[in-house]
Amino acid sequence: MTSYLVLEAPNGPDRDHKTTRFIADRFVWLAFFAPWLWLAINRLWLATAIVVIALFAAGQISTFAGFEPAGILFGLATGLITALEGRDFLVRHLIRKGWTLTSVVSAPDLSSAEDIYFSGLSENADAVEQMSQPVWTPSPQKSGDTNFVNDPAGSFLFDLNGRR
């Protein structure tokens, strides 16, 4: 099971919850192999610059005689840290920008996490809140229906981090 962090936009959720983001808390393969690319895709510019400098330094270290393993291990460590903690960097960045962490949902895939989260929304809220929250009905899934947004195996390399 994967834990999904549920974040709502700075000015609150819209009527259809299209701005609500579900970010899976798991290892990111793209961030392991190309940490600078994953950070740039997620617009974490300062972290991207730091990782580029660290990878450049790892490359320079590996050119010295006797320090080849140290340079390679430094580059792998940079990728490993980004792959393990990159989504935490992203969540912290969004929280600093005003997003609100509303819940953590454990589910096998994104569609199940959305079903669990939206089924738990309060139905006894004020009239204004009832008008702003949509009626959540899960869409029927075909047996072979997998696409890049909803990959049940979670193996797609370019994860959208809750964006649609």
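Residues numbered from 1 in each chain as written. Predicted model: local features only at pLDDT ≥ 70, side-chain atom pairs only at ≥ 80, totals over all residues. Heavy atoms only, no water.

**Student:** Please provide a residue-by-residue account of the overall build of the chain, values included.
**Tutor:** The number of helices and strands found in the chain is six helices and three strands. Taken from N to C terminus, the helices and strands of the chain fall in the order β-β-α-α-α-α-β-α-α. Taking all 164 residues of the chain together, the buried fraction comes to 32%. Residue pairs in contact within the chain that sit at least 24 positions apart in sequence constitute 62% of those at least 6 positions apart. With an accessible surface of roughly 10300 Å², the chain has 63% of that area assigned to carbon and sulfur atoms. (Helix = DSSP H or I, 4+ residues; strand = E, 2+ residues; numbered from the N terminus. Buried < 20%, exposed > 50% of the residue type's maximum accessible area, 1.4 Å probe, protein only. Contact = heavy atoms within 4.5 Å. Areas by Shrake-Rupley, 256 points an atom, 1.4 Å probe, with all protein chains shown as cover.)

**Student:** Describe in detail the environment of H17, supporting the description with residues and values.
**Tutor:** Here H17 shows up in the loop between β1 (2-8) and β2 (21-25). The class for H17 is buried, based on a relative accessible area of 2%. The sequence separation of H17 and F118 amounts to 101 residues, and the corresponding C-alpha distance is 9.3 Å. Looking at H17, its side chain comes within polar contact range of the side chain of T20, at 3.0 Å. (Polar contact = N/O pair within 3.5 Å; in protein donor to acceptor, adjacent residues only side chain to side chain.)

**Student:** Please provide a residue-by-residue account of the pattern of salt bridges, values included.
**Tutor:** For the structure on display, the rule yields one salt bridge. A salt bridge links D88 to R92, with the shortest nitrogen-to-oxygen separation between them at 3.0 Å. Here D88 and its partner R92 are both found in helix α4 (residues 68-96), four residues apart, which amounts to about one turn of the helix. (Salt bridge = Lys/Arg side-chain N within 4 Å of Asp/Glu carboxyl O.)

**Student:** Lay out helix α5 (residues 110-119) in plain terms, naming residues and giving numbers.
**Tutor:** Within the span of α5, buried status applies to L110, S111, A113, E114, Y117 and F118. In a view along the axis of α5, the buried residues occupy a sector of 155 degrees, so they form one face of it. (Arc of directions from axis to C-beta.)

**Student:** Describe the nonpolar core, with residues and values.
**Tutor:** Considering soluble globular proteins, one finds that nonpolar side chains tend to be buried as a cluster. Membership of the largest hydrophobic core comes to 17 residues, with the highest contact counts inside it found for L7, I23, W38 and L94. Elements supplying a minimum of two residues to this core: β1, α1 (29-33), α2 (35-41) and α4. Setting aside anything within four residues of it in sequence, one finds L7 in contact with T19, T20, R21, I23, V91, L94, I95, W99, T100 and L101. In terms of nonpolar packing, the next biggest core, distinct from the first, is built from 11 residues, F22, A24, A107 and F118 among them. (Core = buried A, V, L, I, M, F, W, Y, C linked by side-chain atoms within 4.5 Å.)

**Student:** Summarise the pairing of β2; cite the residues concerned and give the values.
**Tutor:** A large share of β2 lies buried, amounting to four of its five residues. By the bridge criterion, five bridges tie β1 to β2 in an arrangement that is antiparallel. Within the sheet, the bridge partner assigned to V6 lies in β2 and is F22. (Pairing = 2+ DSSP bridges.)

**Student:** Can you explain the confidence of the model for the chain? Please cite residues and give values.
**Tutor:** With 74% of its residues at a pLDDT of 70 or more, the chain has an overall mean of 82. Within the chain, α2 carries the highest mean pLDDT (96), whereas helix α6 (residues 127-132) carries the lowest (49). Between residues 124-128, whose pLDDT stays under 50, and residues either more than four places distant or in other chains, the model counts two contacts. (pLDDT = per-residue confidence, 0-100.)

**Student:** Kindly report on unusual backbone geometry, identifying the contributing residues and their values.
**Tutor:** One non-glycine residue, R43, lies in positive phi territory at about 60 degrees. The topology assignment puts R43 in the loop between α2 and α3 (45-61). Relative accessible area serves as the criterion here: at 55%, R43 is assigned to the exposed category.

**Student:** How would you explain a nonpolar patch on the surface if you had to name every residue and give the values?
**Tutor:** A grouping of I61, F64, F67 and F74 is seen on the molecular surface, where their side chains present a nonpolar patch of about 370 Å² in accessible area. Looking at where F74 falls in the secondary structure, it is placed in helix α4. Classification of F74 by relative accessible area gives partly exposed; the value is 35%. (Patch = residues over 30% accessible without salt bridge, like charges linked within 9 Å, V, L, I, M, F, W, Y side chains within 5 Å.)

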